[in-house]
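# Fold and geometry: a report
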Amino acid sequence: MAENAKERLVGFLERKAFRPVLGADPDSFPQDKRNKLRDVQEATRAERERFHNYGSAKEVYEMFEDDLNSEPAQKIHRELRDLDLPTLNDCREDFEKLAEEVGVRH
């Protein structure tokens, strides 16, 4: 059950936050924004890997909450917004509902 909770949380982040960013086609962005896109895609790949490697659903939830407020994450969120791509903040409410549903948020 605990592994399923982690899988559900990480799967949610995959669908709502990671894949839309990683799947963004640089050719669909103006030339002056392509470097920024590459930067946020690189940061997203690293973040995605971290979330997949966390040991529990509780750790996924706690690190998600930490990422919402950390300065490095805030910089990436600003860049994602500038590119009109989803941020963790955009899916926060639904993620927190899911975390409550799987029993890691009270």
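The structure under discussion appears in the preceding block.
In this report, the structure presented in the accompanying data block is examined. (Residues numbered from 1 in each chain as written. Predicted model: local features only at pLDDT ≥ 70, side-chain atom pairs only at ≥ 80, totals over all residues. Heavy atoms only, no water.)

## Remarks on the packing of aromatic side chains
Here is the rule: Two rings belonging to Phe, Tyr or Trp (six-membered ring only in the last case) form a pair when the distance between their centres is within 6.5 Å. Interplanar angles under 30 degrees mark stacking, angles over 60 mark edge-to-face geometry, and anything in between is tilted. In this description a helix means any DSSP run of H or I spanning at least four residues, a strand means any run of E spanning at least two, and both kinds are numbered starting from the N terminus. Burial classes follow relative accessibility: with a 1.4 Å probe on protein chains only, a residue under 20% of its type's maximum area counts as buried, one over 50% as exposed, and anything between as partly exposed.
A full pass over the atoms with the stated rule returns 5 aromatic pairs. When the ring of Phe18 is compared with that of Phe51, the centres are 5.9 Å apart and the planes differ by 45°; the resulting orientation is tilted. Here Phe51 lies in helix 2 (residues 34-53) and Phe18 lies in helix 1 (residues 2-22), a separation of 33 residues in the sequence. By relative accessible area, which is 1% here, Phe18 ends up buried. A network of ring pairs unites the aromatic residues Phe12, Tyr61, Phe64 and Phe95 as a single cluster.

## As for helix 3 (residues 57-69)
Counted only if it meets this: Under the convention used throughout, the expected extent of a helix is 1.5 Å for every residue step, that is, one less than its residue count. Along the arc lie the directions from the helix axis toward the C-beta atoms.
With 13 residues, helix 3 ought to run about 18 Å at 1.5 Å a step, and its terminal C-alpha atoms sit 19 Å apart, in line with that. Of the positions making up helix 3, those classed as buried are Ala57, Val60, Tyr61, Phe64, Glu65, Asp67 and Leu68. One face of helix 3 carries all of its buried residues, which in axial projection span an arc of 160°. Of the exposed residues in helix 3, the ones pointing more than 90 degrees away from its buried face are Lys58 and Asn69.

## Observations regarding the side chain of Thr87
Stated formally: Each polar contact in these results corresponds to two N or O atoms within 3.5 Å; when the atoms are within protein, one needs to be able to donate a hydrogen and the other to accept it, and residues that are neighboring in sequence are counted only if both atoms are side-chain atoms. Should any heavy atoms of two residues lie within 4.5 Å, those residues are considered in contact.
Of note, Thr87 is situated in the loop between helix 4 (71-82) and helix 5 (92-101). Among the polar contacts listed, one links the side chain of Thr87 to the backbone nitrogen of Asn89, at a separation of 3.2 Å. Dropping the residues within four chain positions of it, Thr87 is found in contact with His77, Leu80 and Arg81.

Interpretation in functional terms is not warranted from these geometric data alone.
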